[in-house]
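# Inside the fold
Residues per chain are reported as follows:
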2 protein chains.
Amino acid sequence: MVASNPRAPLSARATATRQRILDAALVEFAEKGLAGSRVDEIAARAGANKRMLYAHFGSKEELWLVVLEGAYAAKREEERQLDVASLPPAEAMTRLVAFNLRYTSRHPEFVALLNQENLHRAAYLRRSEDVPALYSPMLEALKGVLERGAREGVFRGGVDAMQLYISILGLGHFYVANRHTLSTIFHTPLDTEAAIAAREAHISDVVLGFLRP
Amino acid sequence: MVASNPRAPLSARATATRQRILDAALVEFAEKGLAGSRVDEIAARAGANKRMLYAHFGSKEELWLVVLEGAYAAKREEERQLDVASLPPAEAMTRLVAFNLRYTSRHPEFVALLNQENLHRAAYLRRSEDVPALYSPMLEALKGVLERGAREGVFRGGVDAMQLYISILGLGHFYVANRHTLSTIFHTPLDTEAAIAAREAHISDVVLGFLRP
DNA sequence: CCGGTAAGTAACCACCCAGTTACCTGGGGA
DNA sequence: TCCCCAGGTAACTGGGTGGTTACTTACCGG
């Protein structure tokens, strides 16, 4: 975590202005992407000014990286709350799947940020100093549930956890990321609660249906 | 289709320069997004010049829309080739699923374009005059296969075709769209042929496993 | 040979925008 | 009191950046 050590350079301190700039940048970046965002606009939204933005972050691109790392950290944090080890495997799996879709649809900014970063071929993320910290606790939880389910005979065995993890992410992420083009094509709103609940039910069906022994 | 009527305005004619500009724009837009792309760069890549670009397309944003429509059309065109009605349901389904992943991974520009357009909340697509043409023939094929499979007793019934269609798209699209961040996090290359084949096998497993009666 | 038109060249305009700088303010600690 | 420093204001710089225009070239059909 960022220390508030008064001897640390401003760029590493946790101050109110810094946080407001981060919040504003998250919104702006998610809406318009890195190239489409304007530094002046971010500063204005934050009720701050460019001078402080540059004092804290040094450049637009550094700010992007910090925002991106923060978005990952926020998701990891919520994932860590997910206590799934004590539930029966099928229920645990449903919870993992549902959590993922719900988090994703509650945080379309995260989706937008990820998409953008992939457009950049993860150039900024690769530069991050704590890439290992990006590794999700949810993948570990998933592995545990898969093993337990197979042992108890309620899931099929031999499932590749990483592939399934990517699938669970993708089933939710794609829906949220592409809701605008999809709903244009299908002439159906996709971000109502009813639509999201239907999607949740479907994704659960797919994953649990697949895992049947 | 675009006519080559010599009385039509330049902006609606199919000329060599126009096509080269479109090709160049596809590459540039996919690499850098709409805001990140430079009109001068597109013209240069096309071996053309800004003057002709503006004569044909009027603005950067109009060019974006034409490129996007073209990308959809190209995918629809290949989907139309997919003859799946004569195959047994399970095989037909495998083919639909595999086609989707393979097309997606052969055309990451399409993925990049879609992601960008969703960042813009489909603002350009909505303005398109032939949105209905975006509707995929693959969805119809999928419906047919689902019904046939259920009738023959090899698939479960009551499957929502649109949800499954979105899932099939998503299982491939997410993998391709996010391959850079995913491979950074997992320290594993994801765009080798072996990795793609593994993904294909997994997606097939998931979909067919889910569809078991 | 002539008129029409696709295509090219290069300069130009009016902003835009990341990043910098000089100077100011207000509060808290020694 | 005085210094330190987070934060603020506003102007400026320099390299873009979308879009336009005047002028030229080359080809093709009548």
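Residues numbered from 1 in each chain as written. Chains lettered and ligands numbered in written order. Predicted model: local features only at pLDDT ≥ 70, side-chain atom pairs only at ≥ 80, totals over all residues. Heavy atoms only, no water.

### Section: the packing of helix H11 (residues 193-211) of chain A against helix H10 (residues 193-211) of chain B
Here H11 of chain A crosses H10 of chain B at 100°, and the two axes come no closer than 7 Å. When the axes of H11 of chain A and H10 of chain B are compared, the pair comes out roughly perpendicular. In this structure, H11 of chain A contributes His-202, Asp-205, Val-206, Gly-209 and Phe-210 of chain A to the contact, and H10 of chain B contributes His-202, Asp-205, Val-206, Gly-209 and Phe-210 of chain B. Among the residues forming the contact of H11 of chain A with H10 of chain B, the class breakdown is 4 nonpolar, 4 polar and 2 charged. (Axes fitted to C-alpha atoms, helices over the stretch in contact; angles between N-to-C directions. Helix = DSSP H or I, 4+ residues; strand = E, 2+ residues; numbered from the N terminus. Parallel < 35°, antiparallel > 145°, perpendicular 65-115°, else oblique. Contact = heavy atoms within 4.5 Å. Nonpolar A, V, L, I, M, F, W, Y, C, P; charged D, E, K, R; others polar.)

### With respect to the pattern of salt bridges
Following the criterion strictly, the structure yields 23 salt bridges over all chains and no others. In this structure, the salt-bridge partner of Arg-45 of chain A is Glu-28 of chain A, at a minimum N-O distance of 3.1 Å. One end of the pair, Arg-45 of chain A, is in helix H2 (residues 39-45); the other, Glu-28 of chain A, is in helix H1 (residues 16-36), with 17 residues separating them in the sequence. Assessed through its relative accessible area of 37%, Arg-45 of chain A is described here as partly exposed. With a closest N to O distance of 3.6 Å, Glu-79 of chain B and Lys-75 of chain B form a salt bridge. (Salt bridge = Lys/Arg side-chain N within 4 Å of Asp/Glu carboxyl O. Buried < 20%, exposed > 50% of the residue type's maximum accessible area, 1.4 Å probe, protein only.)

### Some words on the protein's contact with DNA strand D
Of all residues adjacent to DNA strand D, which total 19 residues, the nearest are Arg-51 of chain A together with Arg-38, Lys-50, Tyr-54 and Lys-60 of chain B. Each atom of DNA strand D within 4 Å of the protein was classed as base or backbone; sugar and phosphate made up 62%. Here a phosphate oxygen of DNA strand D sits 3.0 Å away from a polar atom, N or O, in the side chain of Arg-38 of chain B. Within the side chain of Lys-50 of chain B, a nitrogen or oxygen atom sits 2.5 Å from a base oxygen of DNA strand D. Of all the secondary structure elements, the ones that give two or more residues to the surface near DNA strand D are helix H3 (50-57) of chain A together with helix H2 (39-45) and helix H3 (50-57) of chain B. Of the residues that constitute the surface near DNA strand D, the class distribution is 5 nonpolar, 7 polar and 7 charged. (Near = heavy atom within 4 Å. Polar contact = N/O pair within 3.5 Å; in protein donor to acceptor, adjacent residues only side chain to side chain.)

### A word on the protein's contact with DNA strand C
Around DNA strand C, 19 residues are found, and the nearest of them are Arg-38, Val-39, Lys-50 and Tyr-54 of chain A together with Arg-51 of chain B. Each atom of DNA strand C within 4 Å of the protein was classed as base or backbone; sugar and phosphate made up 62%. The separation between a phosphate oxygen of DNA strand C and a polar main-chain atom of Lys-60 of chain A is 3.0 Å. Interatomic distance of 2.9 Å between a side-chain N/O atom of Thr-17 of chain B and a phosphate oxygen of DNA strand C. Put simply, the parts of the chain that give the surface near DNA strand C at least two residues each are H2 and H3 of chain A together with H3 of chain B. Taken together, the residues of the surface near DNA strand C sort by class into 5 nonpolar, 7 polar and 7 charged.

### Here we look at the interface of chain A and chain B
With 54 residues of chain A in contact, the opposing surface of chain B contributes 54 residues. Contact with chain B buries area across many residues of chain A, yet Leu-119, Phe-174 and Phe-186 of chain A alone supply 13% of it, more than any other trio. Put simply, chain A and chain B have 0 salt bridges between them. Between the two partners, chain A and chain B, sit 19 residue pairs in polar contact (both at pLDDT 80 or more). Of all the secondary-structure elements, those providing two or more residues to the side of chain A that touches chain B are H1, helix H6 (108-119), helix H7 (123-127), helix H9 (161-177), helix H10 (179-186) and H11 of chain A. In terms of residue count, the dominant contributor to the side of chain A that touches chain B is H9 of chain A (13 residues). Classifying every residue of the side of chain A that touches chain B by side-chain character gives 29 nonpolar, 15 polar and 10 charged. (Buried area = accessible area lost by both parts, 1.4 Å probe.)

### Some points on the packing of helix H5 (residues 89-106) of chain A against H11 of chain A
All names here are of chain A. Relative to each other, H5 and H11 sit at 145°, their axes nearing to 10 Å. Seen along the crossing, H5 lies across H11 with a hand that is right-handed. Of H11, the residues touching H5 (which contributes Ala-90, Met-93, Thr-94, Val-97, Ala-98, Leu-101, Arg-102 and Ser-105) are Glu-193, Ile-196, Ala-197, Arg-199, Glu-200, Ile-203, Ser-204, Val-207, Leu-208 and Leu-211. (Left-handed = near helix turned anticlockwise from the far one by under 90°.)

### Here's the deal with the environment of Leu-96 of chain A
All names here are of chain A. For Leu-96, the location among the structural elements is in helix H5. Along the backbone, Leu-96 and Ala-194 are 98 residues apart, and their C-alpha atoms lie at a distance of 20 Å. Contacts of Leu-96, omitting those with residues within four sequence positions, involve Leu-82, Val-84, Met-138, Ala-141, Leu-142 and Val-145.

### Regarding the domain arrangement of chain A
All names here are of chain A. Domain boundaries in chain A define domain 1 (8-58) and domain 2 (68-211). Here the C-alpha centre of domain 2 lies 29 Å away from the C-alpha centre of domain 1. Between domain 1 and domain 2, the contact holds 5 residues from the first and 6 residues from the second. When the two sides are added together, the surface that domain 1 and domain 2 hide from each other amounts to roughly 450 Å², 80% of it contributed by carbon and sulfur. When the buried surface of domain 1 facing domain 2 is broken down by residue, Leu-26, Ala-30 and Leu-34 rank first, second and third, together holding 79% of it. (Domains from an automatic or database assignment.)

### Digging into the relation of the copies chain A and chain B
You can overlay chain A on chain B at an RMSD of 0.0 Å; the transform is a turn of 180° with a shift of 0.0 Å along its axis. Taken together, the rotation and translation describe the operation of a two-fold axis. Considering only C-alpha atoms, the residue of chain A closest to the rotation axis is Phe-210 of chain A, which sits at 2.2 Å. The fraction of interface residues of chain A whose copies in chain B are also interface residues reaches 100%, indicating that both copies meet through the same surface. (Least-squares fit on C-alpha atoms with pLDDT ≥ 70 in both.)

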